[in-house]
Amino acid sequence: MLRKAEQGQSGVRKSVLIWLLVAGRFSQVAGRQRPETGDQQPAARNECSELIRINDIIDKISEYDPDADLDSIDRAYIYSARVHDGQVRLSGEPYLSHPLEVAGILAEMKLDPISVVSGLLHDVIEDTRATPEEIKKLFGPEVLHIVSGVTKLGSLPVGGSRARQAESIRRMILAMADDIRVILIKLADRLHNMRTLQYHSPNKRKEIAQETLDIYAPIAARLGIYWMKYELEETSFKHIEPDEYAKIENLVSKSKVEREKYIERVRGFIKKEMDGARLSGEVLGRNKTFYSIYQKMISQSLPFEQIYDITAFRIILDTVPHCYEALGLVHALWKPIDHKFKDYIGRPKPNMYQSLHTTVIGPFGERIEIQIRTWEMDKVANSGIAAHWSYKEGKRIDENISNRFAWIQNLVENQENFRDPAEFLENVRIDLFPDEVYVFTPRGEIKTLPRGATSVDFAYIIHTEVGNQCTGAKVNGRLVPLPYELATGDIVEIITSKNSHPSKDWLKFAKTVKARSKIRHWIKTQEKERSITLGREMCEKAFRKEKLNFNMLVKSEKMMEVMEHFGFKAVDDLIANVGYGKITPLQVLRKFAPKSEEEAAPESIFNKLMERVRKKKLKAGVLVKGVDDILVKFGKCCQPVPGDPIIGYITRGYGVTVHRATCVNALRMNPERQIDVDWNQEANETYPVKIRIISHDRIGLLADVVSNISKFGANILSAKTEIRENKMVDSYFTIVVENTSHLEKILSAVKKVKLVQEVKRIG
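For every chain, the first residue of the written sequence is number 1, and numbering continues from 1 along that sequence. Reporting in this predicted model follows two pLDDT cut-offs: at least 70 for local features of residues, and 80 or more for side-chain atom pairs to be given and counted; totals over whole chains, interfaces and linings ignore these cut-offs and use all residues. Side-chain metrics in this entry use all non-hydrogen atoms of the structure; hydrogen atoms and water are not considered.

Enquirer: How should I be thinking about the overall build of the chain in this particular structure?
Expert: Starting at the N terminus, helices and strands are each numbered in turn, a helix being any DSSP run of H or I of at least four residues and a strand any DSSP run of E of at least two. Within the chain, the regular secondary structure consists of 32 helices and 21 strands. Two residues qualify as a contact provided that any one of their heavy atoms is within 4.5 Å of a heavy atom in the partner residue. In the chain, 67% of the contacts between residues at least 6 apart in sequence involve partners at least 24 apart. Per-residue and other accessible areas follow the Shrake-Rupley method at a 1.4 Å probe size, with only the shown protein chains counted as cover for residues. With an accessible surface of roughly 39100 Å², the chain has 52% of that area assigned to carbon and sulfur atoms.

Enquirer: Looking at this structure, how should I read the nonpolar core?
Expert: Of all hydrophobic cores here, the largest spans 71 residues; its most connected members are I61, I73, L121, L187 and M228. With nine residues, helix α11 (residues 180-195) is the largest single contributor of residues to this core. Once you skip the residues sitting within four places of it in the chain, I73 turns out to touch I54, I58, I61, P113, V116, V117 and L120. Here the nonpolar core consists of buried residues drawn from Ala, Val, Leu, Ile, Met, Phe, Trp, Tyr and Cys, with membership extended through side-chain atoms lying within 4.5 Å. Accessible area is worked out with a 1.4 Å probe on protein chains only. A residue is then buried under 20% of its type maximum, exposed over 50%, and partly exposed in between. In this structure, L701, V705, F733 and I735 belong to the second largest nonpolar core, which totals 29 residues.

Enquirer: Even after reading the chapter, I still don't get the packing of aromatic side chains, so can you show me in this structure?
Expert: Two aromatic rings are characterised by how far apart their centres lie and by the angle between their planes. Note on aromatic pairs: the rings of Phe, Tyr and Trp (six-membered ring only in Trp) are paired at centre separations within 6.5 Å, and the planes decide the class, stacked below 30 degrees, edge-to-face beyond 60, tilted for the rest. One pass over the structure, following the stated rule, counts 16 aromatic pairs. Plain terms: the ring middles of F237 and Y291 are 5.7 Å apart, the flat faces sit at 55 degrees to each other, and that makes the pair tilted. Taken together, the positions of F237 in helix α13 (residues 226-240) and Y291 in helix α16 (residues 290-299) put the pair 54 residues apart, joining distant regions of the chain. On the basis of relative accessible area, F237 is assigned to the buried category, the value being 2%. On the accessibility criterion, Y291 (12% relative accessible area) is buried. Between Y262 and F364, the aromatic rings sit 6.1 Å apart at their centres with planes inclined by 50 degrees, giving tilted as the arrangement. Placement of Y262 in helix α15 (residues 256-276) and of F364 in the loop between β5 (356-361) and β6 (367-374) is noted, with a sequence separation of 102 residues between them.

Enquirer: Please clarify how the pattern of salt bridges should be interpreted in this entry.
Expert: Pairing is possible between side chains of opposite charge, provided their charged atoms come close. A pairing counts as a salt bridge when a side-chain nitrogen of Lys or Arg comes within 4 Å of a carboxyl oxygen of Asp or Glu. Counting across every chain of the model gives 19 salt bridges. R373 serves as the salt-bridge partner of D378, at 2.8 Å between the closest nitrogen and oxygen. We classify D378 as buried; its relative accessible area is 11%. By relative accessible area, which is 2% here, R373 ends up buried. Two residues, K508 and D505, come together in a salt bridge whose shortest N-O distance is 3.6 Å. Here the salt bridges share partners, and the residues they tie into one network are D112, E142 and R181.

Enquirer: Help me understand the side chain of E233, please; the structure alone is not making it clear to me.
Expert: Position of E233 among the secondary structure elements: in helix α13. For E233, a relative accessible area of 12% gives the class buried. Ignoring sequence-local partners within four residues, the contact set of E233 consists of L213, A217 and Y291.

Enquirer: Looking at this structure, I do not really get the environment of I647. What am I missing?
Expert: Relative to the helices and strands, I647 resides in strand β14 (residues 646-651). A relative accessible area of 10% places I647 in the buried class. When the C-alpha atoms of I647 and A661 are compared, they prove to be 5.5 Å apart, with 14 residues separating the residues in sequence. Those residues in contact with I647 that lie beyond four places of it in its chain are T657, V658, H659, R660, A661, A666, Q674, I675 and V677.

Enquirer: Which parts of the structure should I look at to understand the pairing of strand β18 (residues 687-696)?
Expert: Two faces, one strand: in a regular strand the side chains alternate between the faces of the sheet. The buried fraction of β18 is high, at seven of 10 residues. Following DSSP output, two strands are said to pair if at least two bridges run between them. Here β18 runs beside strand β20 (residues 728-737); their pairing, made up of 10 bridges, is antiparallel. From the neighbouring strand, K690 faces β20, where its bridge partner is T734. The sheet contact formed by β18 and strand β21 (residues 756-762) spans six bridges and is antiparallel. Along β21, the bridge assignment pairs K690 with I762.

Enquirer: Explain the sheet that holds strand β10 (residues 478-480) to me, please; I cannot follow it from the model alone.
Expert: For sheets, the rule is that strands pair by backbone hydrogen bonds, running either parallel or antiparallel. Strand order in this open sheet of three strands is β10-β9-β11, and the pairing throughout is antiparallel. Taken across any chain shown, the strands that pair with only one partner, and hence form the sheet edges, are β10 and β11 (492-496). Within the sheet, the average angular offset between the axes of one strand and its neighbour, ignoring direction, is 35 degrees. Two elements, strand β9 (residues 470-475) and β10, share three bridges in a ladder whose sense is antiparallel. Residue pairing across strands places K474 opposite L479, the latter belonging to β10. Working convention: axes come from line fits to C-alpha atoms, limited for helices to the stretch in contact. Angles between N-to-C directions cover 0 to 180 degrees. The sheet strands contacting helix α22 (residues 455-462) are β9 and β11, and the helix crosses β11 at an angle near 80 degrees.

Enquirer: So what exactly am I meant to see when it comes to α13 here?
Expert: Since the α-helix packs 3.6 residues into each turn, any two residues three or four apart lie on the same face. In this analysis, the expected span of each helix is defined as 1.5 Å times one less than the number of residues it contains. For α13, with 15 residues, the first-to-last C-alpha span of 21 Å sits near the 21 Å given by 1.5 Å per residue. Within α13, 11 of the 15 residues are buried, which leaves the element mostly enclosed by the surrounding structure. Along α13, the residues that are buried comprise Y226, M228, K229, L232, E233, E234, T235, S236, F237, H239 and I240.

Enquirer: Is there a simple way to think about the packing of helix α4 (residues 70-83) against helix α6 (residues 113-120) in this case?
Expert: When two helices pack together, you describe them by how their axes are tilted relative to each other and by the distance separating the axes. Where α4 contacts α6, the two axes come as close as 9 Å, and the packing angle between them is 5 degrees. What the angle tells us is that α4 and α6 run roughly parallel. Note on element contacts: α6 touches α4 through P113, V116, V117 and L120, opposite S72, I73, A76, Y77 and S80. Of the residues assigned to the contact of α4 with α6, the class counts are seven nonpolar, two polar and no charged. Any angle that is under 35 degrees is reported as roughly parallel, and any over 145 degrees as roughly antiparallel; angles of 65 to 115 degrees are reported as roughly perpendicular and all others as oblique. Residue polarity follows a fixed list, in which Ala, Val, Leu, Ile, Met, Phe, Trp, Tyr, Cys and Pro are nonpolar, Asp, Glu, Lys and Arg are charged, and the others, Gly among them, are polar.

Enquirer: Could you clarify how one ought to interpret unusual backbone geometry in this entry?
Expert: Negative phi values dominate among residues other than glycine, just as trans dominates among peptide bonds. Unlike most non-glycine residues, K547 shows phi in positive territory, near 60 degrees. Within the secondary structure layout, K547 lies in the loop between α24 (513-545) and α25 (550-553). Although it is not a glycine, L755 sits at a positive phi angle of roughly 70 degrees. Along the chain, L755 turns up in the loop between α32 (740-751) and β21.

Enquirer: It is not clear to me how the sheet that holds β18 should be interpreted in this structure. Could you clarify?
Expert: Taken together, four strands build an open sheet; the order of strands is β19-β20-β18-β21 and the sheet is antiparallel. Strands with a single pairing partner mark the edges of an open sheet, and in this sheet they are β19 (715-723) and β21. If you compare each strand with its neighbour and ignore which way they point, the axes differ by 20 degrees on average. Against the sheet, helix α31 (residues 701-710) contacts β18, β19, β20 and β21, and its axis sits at roughly 20 degrees relative to β20. Contacts from α32 reach β18, β20 and β21 within the one sheet, and its direction differs from that of β21 by about 160 degrees.

Enquirer: It is not clear to me how the pairing of β9 should be interpreted in this structure. Could you clarify?
Expert: Bridge count between β9 and β11: five bridges; the pairing is antiparallel. Looking across to β11, one finds that V475 is bridged to V492. Count of turn residues in the β9/β10 antiparallel hairpin: two residues, of which N476 carries a positive phi of about 55 degrees.

Enquirer: Explanation requested: the state of the cysteines in the structure shown.
Expert: Simply put, the disulfide is a covalent bond whose two ends are the sulfur atoms of two cysteines. Any two cysteine sulfur atoms within 2.5 Å of one another count as a disulfide. Per the stated rule, a full pass over the model turns up zero disulfides. Distance from the sulfur of C637, which forms no disulfide, to the nearest cysteine sulfur (C663) is 3.5 Å. Owing to a relative accessible area of 30%, C637 belongs among the partly exposed residues under this scheme.

Enquirer: Teacher, can you tell me more about the side chain of T441 here?
Expert: Positionally, T441 belongs in the loop between β7 (436-440) and β8 (446-450). Accessibility expressed as a relative area gives 9% for T441, which makes it buried.

Set out below in structure tokens:
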């Protein structure tokens with residue numbers, strides 16, 4: 001009691017000190033004067049609220065870590081207030097409110113004082129005159145290391161959105177491997193920014209929300225911080241699909257009273273069974289998030305009225321045996337759905353999540369999702385890795401916890417293999433959205449693979465050479481084809497042959513990043529060797545016509561100059577690009593045998609003719625970097641339209657094929673054949689695109705859909721409809737549009753047609 005009283009007095013003294021410093025504006029120390037407004041009362045009110053906030057944070061830390069170094073938090077608050085003095089957010093609030101909210105989130109997560117200090121200072125290097133040397137001197141090297149890590153995540157290079165997104169994930173992965181606290185602070189930073197997203201423009205809100213949904217929410221899930229994942233998803237959904245969000249919110253609120261009664265009745269049934277078995281615990285009922293409801297409506301093509309498991313239940317007990325006993329009681333009470341049962345207690349997720357998941361047919365014939373776990377498991381489920389973070393200064397996560405997060409290190413190793421942003425993003429998402437299966441080697445070692453992984457993935461997990469020489473596999477003693485998908489509990493034995501090698505077809509079914517990167521690397525190496533051989537033959541033939549010996553000239557100083565002229569670091573790279581078709585043998589030859597005046601004259605006439613052709617071609621929809629007289633065609637697999645990010649691939653004999661940057665087929669192609677392409681803003685062309693519409697059947701549906709497409713001036717090339725047994729209609733249209741903006745208007749209009757559930761571009 002005496003110690004608490006002393007701490008309370010100390011807190012009062014600190015509060016007085018902070019108040020005096022805040023009231024003084026810190027302007028002299030900051031080296032700049034705050035503008036005088038004549039009426040300082042609003043500023044004083046803001047500072048008073050900030051003071052209350054920092055006291056709340058300090059009180060919270062004192063509760064879970066009585067020995068915490070609170071002085072460092074006081075100093076960090078004062079320093080942050082000083083250097084951010086005069087800065088305001090888009091909301092009009094003092095900028096200091098942001099680091100305070102971030103620190104508050106970290107304190108709610110019960111992180112160590114160094115994390116909270118770093119949260120208070122996370123923006124000072126990037127947004128103020130604060131220097132790394134000053135941070136190190138005042139708060140120590142560990143805080144500087146974390147703040148610098150967060151700063152690197154915030155400062156991204158200028159470039160395309162996909163390149164920036166890829167670089168953002170790269171840095172986050174490296175930061176996670178270096179010190180997990182960096183990413184925890186970045187997540188808290190993003191969470192508060194999402195809470196104040198309404199102050200941005202609509203386009204910016206959508207962009208930030210989409211990035212949050214793509215990157216930050218999955219990372220929060222992988223770290224086991226599910227409360228944060230749900231909030232990030234929900235807020236993102238609200239800004240990306242405001243109409244759908246409002247629609248579900250309205251539908252949920254209408255049935256709120258009935259659902260609350262339903263929750264109480266089901267809780268009563270479960271509680272009665274538990275009391276009868278003398279199991280003490282808590283039964284909770286909760287509504288699913290709007291985003292998860294929306295996902296279920298889309299994935300299962302169901303209207304809101306047909307989604308019965310909007311409510312989920314959780315049973316929290318004292319021990320693991322009690323969990324399994326409660327599971328038996330629930331299954332005795334209601335019929336379980338076999339394929340919906342998951343035992344994450346026996347096989348925890350990599351982020352340490354543990355729980356029993358079951359779905360049963362409830363008392364009124366509806367499906368009920370139920371989770372059963374202990375109090376400790378519930379704590380981990382809410383906090384993830386943060387639940388295991390040491391509160392003591394200077395201590396790191398123990399080795400056991402580090403092993404659980406070995407996937408971070410795997411991401412670090414794999415990300416170094418990819419230069420292409422689109423390919424890198426594709427592979428990282430494989431690792432960020434896992435649903436694991438657990439298989440065994442013949443010696444009994446457990447290997448974890450993503451769901452859908454094949455024996456090829458397993459082979460590469462064992463060793464790169466095993467993967468490269470894989471010819472087949474035995475699963476549970478039975479021969480299976482390479483695309484065979486592995487299941488939990490399978491015993492896998494790989495059959496190899498020294499004469500065997502990877503095939504490009506393997507990319508169609510390989511799921512793991514390691515397998516895909518190793519297959520691509522082997523194919524790339526082989527293609528380069530073939531291209532060098534082909535390029536050499538083509539050059540020899542061209543040089544021979546001019547009575548030049550290519551094999552002698554290839555070793556000359558002149559060839560080195562030619563290589564540098566084309567921007568290559570090795571002669572083999574130059575020759576390989578001739579083989580790829582990026583450079584013609586004639587271009588290389590002309591550097592050795594310039595045209596005579598007699599030869600040049602007719603060609604100049606030819607050039608004039610070509611100029612006319614090229615001028616006509618300027619209206620083409622796509623421009624190829626460095627070339628404007630090459631055949632261009634569009635990939636039928638993805639049907640790009642202006643506004644889509646695009647990439648081009650050289651195809652021998654067919655010019656350049658243009659794909660959407662996210663096209664799976666394009667991602668499988670050899671990156672050496674990639675060429676930069678861009679949309680020609682001056683072109684006035686239209687492009688075909690396929691859309692799918694899912695709706696309930698009704699009279700006049702097709703007429704209304706066609707009318708909404710036609711009123712935007714889009715021609716319909718083809719239409720096809722299919723009616724399912726459940727009276728849902730799948731409609732497929734190929735329409736002609738000018739660009740993505742034109743397409744979005746059409747999709748938005750069709751989405752508003754009565755009983756239409758989903759409108760989606762396909763391909």
